[in-house]
Amino acid sequence: WRDWSSDVCSSDLFDDGYRQMAREIAPLLVRMGVPATFFVCSSLVDNRTIFFEDLAGLIAARLQSASPVLTAACEQICAAANTTVLAVLQARVPDFSLLYRLAELLELDVSGWLLGTQPYLTSGDIQRLLADGFSIGAHSVDHSLFCGISPEQAIRQTVESVDRLVTQFDLAYRVFAF
């Protein structure tokens, strides 16, 4: 899971849809004359939802300072679903219902965090990237690990993410990064 006590991992600056793409990477590439395609998880555009790894990181950070009673309550929620908190936080296929139940129990304000932090690209950011000559591709809806989901879900993730970006940004191409 993502450790939000440090900055975003440098490898995340090139895909998923973090704002650093537009603020840090794109200006450098423009100065160097390097073309690029940025790959975006479509559900993150405009900070509509939180990346499950980021939510797991926020939960993990909150658990570090949580009382033993609250930590035990989180473990109980997971045990009722035949899993552990650690397994939920490290999962590559998100269990959003458990993640959000843990966040609620820990009184994490996910909407407030998204609004205040705005970690992901906005539509305006993507429009500027396109205007600067970059291309945008899809990188799934929510970054689930494809080998952990059914073939039907993987196809849905692919098609839905590409369709959403093509429609929203009037793209003349369809690009997807697995």
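Everything in this summary refers to the structure shown in the same document. No experiment lies behind these values; they were computed from the predicted model shown. (Residues numbered from 1 in each chain as written. Predicted model: local features only at pLDDT ≥ 70, side-chain atom pairs only at ≥ 80, totals over all residues. Heavy atoms only, no water.)

1. Here we look at the pattern of salt bridges
No. 1: Counted under the stated rule, the structure contains five salt bridges.
No. 2: The partner of Asp125 in a salt bridge is Arg19, and the shortest N-O contact between them spans 2.8 Å. Within this pair, whereas Asp125 is found in helix H7 (residues 123-131), its partner Arg19 is found in the loop between strand S1 (15-16) and helix H1 (20-32), the two being separated by 106 residues in sequence.
No. 3: Assessed through its relative accessible area of 13%, Arg19 is described here as buried.
No. 4: Of the charged contacts, one joins Arg128 and Asp125 as a salt bridge, the two residues approaching to 2.8 Å between their closest N and O atoms. On the criterion of helical spacing, the pair formed by Arg128 and Asp125 is a turn pair, its members being three residues apart in helix H7.
No. 5: Taking relative accessible area as the criterion, Asp125 reaches 5% and is therefore assigned buried. (Salt bridge = Lys/Arg side-chain N within 4 Å of Asp/Glu carboxyl O. Helix = DSSP H or I, 4+ residues; strand = E, 2+ residues; numbered from the N terminus. Buried < 20%, exposed > 50% of the residue type's maximum accessible area, 1.4 Å probe, protein only.)

2. Remarks on helix H6 (residues 110-117)
One turn of the α-helix equals 3.6 residues, which is why residues spaced by three or four share an orientation.
No. 1: Of all the residues in H6, the buried ones are Val110, Trp113 and Leu114. The arc enclosing the buried residues of H6, seen along the axis, measures out at 100 degrees, which places them on a common side. Looking at H6, the residues exposed on the side facing more than 90 degrees away from the buried face are Ser111, Leu115 and Gly116.
No. 2: Where the residues of H6 are buried, they touch helix H2 (52-64) and helix H5 (96-105).
No. 3: Positioned one or two residues after H6, Gln118 has a phi angle of 40 degrees, which is positive. (Arc of directions from axis to C-beta. Contact = heavy atoms within 4.5 Å.)

3. Remarks on the pairing of strand S2 (residues 37-40)
Every other side chain in a regular strand lies on the same face of the sheet, so the side chains alternate between the two faces.
No. 1: Here S1 runs beside S2; their pairing, made up of two bridges, is parallel. For Asp16, the partnering residue across the bridge sits in S2 and is Val40.
No. 2: Handedness of the crossover joining S1 and S2 through H1: right-handed.
No. 3: One ladder, built from four bridges, connects S2 with strand S3 (residues 135-138); its direction is parallel. (Pairing = 2+ DSSP bridges. Right-handed = clockwise from strand over helix to strand, strands pointing away.)

4. Some words on the environment of Thr49
No. 1: Note that Thr49 resides in the loop between S2 and H2.
No. 2: On the basis of relative accessibility, which here comes to 23%, the residue Thr49 falls in the partly exposed class.
No. 3: The spatial distance from the C-alpha of Thr49 to the C-alpha of Val110 is 8.7 Å, given a sequence separation of 61 residues.
No. 4: The residues touching Thr49, leaving out its near neighbours within four places in the chain, are Ser43, Leu44, Tyr100, Leu114 and Tyr120.

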